[in-house]
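In case you want the letters, here they are:
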Amino acid sequence: MKNLVILTGAGISAESGLATFRGNGGLWEGYNVYEVATPEAWERDPAMVLRFYNWRRQEVRRVKPNAAHLALVELEKQFDVTIITQNVDDLHERAGSSKILHLHGEILKARSSVNPDRIMELGDKDIELGDLCEDGSQLRPHIVWFGEDVPEIYNAMEIARRADILIVVGTSLQVYPAASLLPAAVNAQRVYVVNPDIPDDGYGNGITEIRKTATLGVPELVKKILKLT
Ligand code: APR
């Protein structure tokens, strides 16, 4: 079976009702990243950081996978599919995809603030100040903040390198190291980018650009790929 790798970003969940980060109406327009999504913010005002993620977690629980998340599952009939997502929501899981690597963490999980490997499911709970991990430390969101290491990037780079086909959906490719996964796919015979707002100078030769929203572009592309093989 050929390896098909999909890199997703906030744009794939936009039509489910979750805001993207950049651009008009993006989350980072209404919030200062450095006040809510950095280790320094956590040091300075953990209650505010928890409030921000508790709110976003409620939003994630409220929404449902859309036609794009669902269409990607179909590819598993003919390919060994791995999804590398920058998203912290669980919409790929709920759609039914099997192999999902979360580069930037998962909002429905909490972890120790001293040991990044102590991770727990939150179920239907939020995180409040005073909620402790079993090691006695304050629980924090299981999220990779700006300025923190991205431990899964090494696995992700290897997965991208082995891709026969790469599909990139709904990411501005402005955040590193995630953005380096596109050039890392050196063995991919076909690369597709689905995004309604692709920069004028594009992403380079040999990349098929699909200037459509995820719920239109992804189901069409999935049909085409399944027919081609
Ligand atoms: N369908 C497809 N793409 C869309 C849609 C849609 N309906 N709506 C918007 N987009 C595209 C935008 O054109 C943009 O290129 O989704 C992209 C979203 O970009 P960002 O907001 O920058 O999100 P992302 O690339 O996932 O950000 C990366 O930055 O702050 C962080 O950690 C956060 O994981 C996130 C990382």
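In case you missed it, the structure is sitting above this.
Keep in mind the model is a prediction, meaning the values are calculated, not measured. (Residues numbered from 1 in each chain as written. Predicted model: local features only at pLDDT ≥ 70, side-chain atom pairs only at ≥ 80, totals over all residues. Heavy atoms only, no water.)

## Topic: helix H6 (residues 67-74)
All buried positions along H6 are accounted for by Ala-68, His-69, Ala-71, Leu-72 and Val-73. Packed against the buried residues of H6 are strand S1 (3-8), helix H1 (11-14), strand S2 (80-85), helix H7 (91-95) and helix H10 (214-228). Where H6 starts, the residue carrying a side-chain oxygen 2.8 Å from the main-chain nitrogen of Ala-68 turns out to be Asn-66. (Buried < 20%, exposed > 50% of the residue type's maximum accessible area, 1.4 Å probe, protein only. Helix = DSSP H or I, 4+ residues; strand = E, 2+ residues; numbered from the N terminus. Contact = heavy atoms within 4.5 Å. Polar contact = N/O pair within 3.5 Å; in protein donor to acceptor, adjacent residues only side chain to side chain.)

## As for the pattern of salt bridges
Applying the stated criterion across every chain, the model contains 15 salt bridges. With a closest N to O distance of 2.7 Å, Arg-118 and Glu-134 form a salt bridge. Residue Arg-118 is located in the loop between strand S4 (105-112) and strand S5 (119-121), and its partner Glu-134 is located in the loop between S5 and strand S6 (139-143); the two are separated by 16 residues in the primary sequence. With a relative accessible area of 73%, Glu-134 lands in the exposed category. (Salt bridge = Lys/Arg side-chain N within 4 Å of Asp/Glu carboxyl O.)

## Here's the deal with the sheet that holds S6
If you walk across this open sheet you meet the three strands as S5-S4-S6, and the pairing is antiparallel. This sheet does not close on itself; its edge strands, each paired only once, are S5 and S6. Within this sheet the neighbouring strands show an average axis-to-axis angle of 45°, counted without direction. Bridge count for S4 against S5 is three bridges, and the pairing is antiparallel. Residue pairing across strands places Lys-109 opposite Glu-121, the latter belonging to S5. Where helix H5 (residues 46-62) meets the sheet, it contacts S4 and S6, and its direction lies at approximately 140° from that of S4. (Pairing = 2+ DSSP bridges. Axes fitted to C-alpha atoms, helices over the stretch in contact; angles between N-to-C directions.)

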